[in-house]
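Coordinate analysis (summary)
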Amino acid sequence: MVLSPFFYFSVINFYCPHRLSRNYYNKIVILSFYSRICFIFAGCMRRFYEISAVVLLLFVVTACNSWVGYKADDEMIARVGTNYLYRSELAASMPSGIAAADSVNYSQTFIEKWIVGQLKQQEAEKLFTESEADIDKMVEEYRRSLLVHRLDRHYLEAEPCEEITDADITEYYNAHKSDFRISQPMVKGEIFAVSENFRRREQMLGWFESSKEESREDFAELCRKNNFLYLQFEEWISFSDFLSNLPLLRTSRHEELLESRKTQKIHHDKLYYYFRITSALRVGDTMPLEMAKENIKQILISRHRAEVLRRQEERIKNNALTSGHAKIYDLTKN
């Protein structure tokens, strides 16, 4: 008895976990009817079915192997069209040491993101079919950019920048002072605040204005004991940041305060605020070396890197032109 083509199709579906295409199904039907004809003319049913079984098995294996992306030893956990997500891919992305309870949420999120990503790609391919060439060009340009960046990094790692010394920084600063200008007012100074009822307020003010080290230490100690506000700005700070520690109107202009080096006083909310600007820089002034130091260091490092890349680019260009691998044609010819 010759078996129905539906029997073959059922067997193939059982051993192939994916759905065969209509094209393969039609081939199986033709193969089945072919077996009937051969049986009539051959007169040797058993031998014929042995051969047919081998042919059919090879056909099934070919059909199964032709399914793009199928992994026989893996479990499918999601599908979008003909694209499948496998458990092994989820496992590879799972963070190590994740708790069992968290792994469930992670898996669900990962699967949903994968599905959305597949759907967006398919929708983009439908919408931008005409610009596919442009996309391919962008991908190729991005690939080239990544490779060039990696090569540049290789060159720079092979020739690291030597330590930048203070002498290097000073030499550059002296040669390029005009490049370093103040863009906003900068100051150094001090601020302290004390209650209006504090009996030793005048004594504190005297210590604050004194140049003697002992008096300055007594002043700082008294501020610590009474938890008074005391701020010292020995490094340059923007004038606006300095003023933010005082009870002044933000909308008002206070440039006149930059002119004085004496102690100034503000009374606000039962407190006396005393402040003194010891140094000031105005817009357009030359930036001091101490302020420009870090900036100059980065400039010198960048200059070294640019020189390394220029030299390497010149080397590979000359080698290519000399060997004939590259050639520059005469642009003046018509």
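Okay, so let's go over this structure. This one's a predicted model, so the numbers in the text were calculated from it and none came from an experiment.

So, on to the overall build of the chain. Along the backbone of the chain there are 11 helices and 6 strands. Split into buried and exposed, the 334 residues of the chain put 28% on the buried side. The long-range fraction of contacts in the chain, counting pairs at least 24 apart against all pairs at least 6 apart in sequence, stands at 63%. Accessible surface, the chain: about 24,200 Å² in total, of which carbon and sulfur atoms supply 54%.

In this section: the environment of isoleucine 266. Following the sequence through the fold, isoleucine 266 ends up in strand S5 (residues 264-268). Residues isoleucine 266 and leucine 246, spaced 20 residues apart in sequence, show a C-alpha to C-alpha distance of 8.2 Å. Apart from the residues lying within four places of it in its own chain, the contact partners of isoleucine 266 are Leu246, Pro247, Leu248, Leu271, Tyr272, Tyr273 and Phe275.

Where burial is concerned, most of strand S3 (residues 186-195) is hidden: 9 out of the 10 residues are buried. Note that S3 and strand S4 (residues 229-238) share 7 bridges and pair antiparallel. Note that in S4 the partner of isoleucine 191 across the bridge is leucine 231. As paired strands, S3 and strand S6 (residues 271-281) are joined by 10 bridges and run antiparallel to one another.

This part is about helix H8 (residues 201-209). By the burial criterion, the buried members of H8 are Arg201, Met204, Leu205, Trp207 and Phe208. Here the buried residues of H8 occupy an arc of 160° about the axis, which is enough to place them on one side. Where H8 is buried, its residues meet S3, helix H9 (213-226), S4 and S6.

An α-helical turn contains 3.6 residues, so a residue and the one three or four places further along point in the same direction. End to end, helix H5 (residues 100-127) covers 41 Å across 28 residues, agreeing with the expected 40 Å (1.5 Å per residue, within 8%). Restricting attention to buried positions, one finds in H5 the residues Ser103, Ser107, Ile111, Trp114 and Gln118. Of the surrounding secondary structure, the elements contacted by the buried residues of H5 are strand S1 (76-80), strand S2 (83-86) and helix H4 (87-93).

A few words now on unusual backbone geometry. Trans is the prevailing form of peptide bonds, just as negative phi is the prevailing case for residues other than glycine. Non-glycine residue asparagine 227 carries a positive phi angle of around 55°. On the accessibility criterion, asparagine 227 (70% relative accessible area) is exposed. In this structure, lysine 270 is a non-glycine residue whose phi angle is positive, near 65°. Considering the arrangement of structural elements, one finds lysine 270 in the loop between S5 and S6. Lysine 270 gets classed as exposed once you look at its relative accessible area, which sits at 57%.

About the cut-offs
Residues numbered from 1 in each chain as written. Predicted model: local features only at pLDDT ≥ 70, side-chain atom pairs only at ≥ 80, totals over all residues. Heavy atoms only, no water. Helix = DSSP H or I, 4+ residues; strand = E, 2+ residues; numbered from the N terminus. Buried < 20%, exposed > 50% of the residue type's maximum accessible area, 1.4 Å probe, protein only. Contact = heavy atoms within 4.5 Å. Areas by Shrake-Rupley, 256 points an atom, 1.4 Å probe, with all protein chains shown as cover. Pairing = 2+ DSSP bridges. Arc of directions from axis to C-beta. Expected span 1.5 Å × (residues − 1).

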